[in-house]
Amino acid sequence: MLTLVLIFGMLTIVGLLVMQLGRIEPAPAAPGPVSAERLTLPAGEAITAIGGTNGQVLIVTEDASGQERLHSFDAESGALQATSLITRE
């Protein structure tokens, strides 16, 4: 009798897992790489870091005086969306 209860319990757990995993939607496709030709950075700034999120490319630059800036670009068009100064304490 205990064997039947264990088998039924395992089948129930496996069935619930299959149902839950079947409901998971695949992750959206990541946008393709943005070519450097589409990104326009201010003259005299060197790239120190590059990152990205869904729909954005984030680039940290540093100018000759040591001032760092965070530039946010649209991943599809390469258009500059925002620039923020980075201050370190």
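Owing to the predicted nature of the structure, the values given are computational and were not obtained by experimental measurement.

1. What to know about the sheet that holds strand S2 (residues 56-62)
On the basis of which strands lie adjacent, the open sheet formed by four strands has the order S1-S2-S3-S4 and antiparallel pairing. Among the strands making up the open sheet, the edge pair consists of strand S1 (46-53) and strand S4 (80-86). When the angles between neighbouring strand axes are averaged without regard to direction, this sheet yields 20°. Bridging between strand S3 (residues 68-74) and S4 involves six bridges; their strand directions are antiparallel.

2. Details of the pattern of salt bridges
Scanning the entire structure with this criterion turns up three salt bridges. A salt bridge links Glu 45 to Arg 69; the shortest N-O distance between them is 3.3 Å. On the criterion of sequence distance, the pair formed by Glu 45 in the loop between helix H1 (2-23) and S1 and Arg 69 in strand S3 is long-range, its members being 24 residues apart. Here Arg 69 and Asp 63 are joined by a salt bridge, their closest N and O atoms 3.0 Å apart. By sharing partners, the salt bridges in this structure join Glu 45, Asp 63 and Arg 69 into a single network.

The rules behind these values
Residues numbered from 1 in each chain as written. Predicted model: local features only at pLDDT ≥ 70, side-chain atom pairs only at ≥ 80, totals over all residues. Heavy atoms only, no water. Pairing = 2+ DSSP bridges. Helix = DSSP H or I, 4+ residues; strand = E, 2+ residues; numbered from the N terminus. Axes fitted to C-alpha atoms, helices over the stretch in contact; angles between N-to-C directions. Salt bridge = Lys/Arg side-chain N within 4 Å of Asp/Glu carboxyl O.

This is a description of form; function is not addressed.
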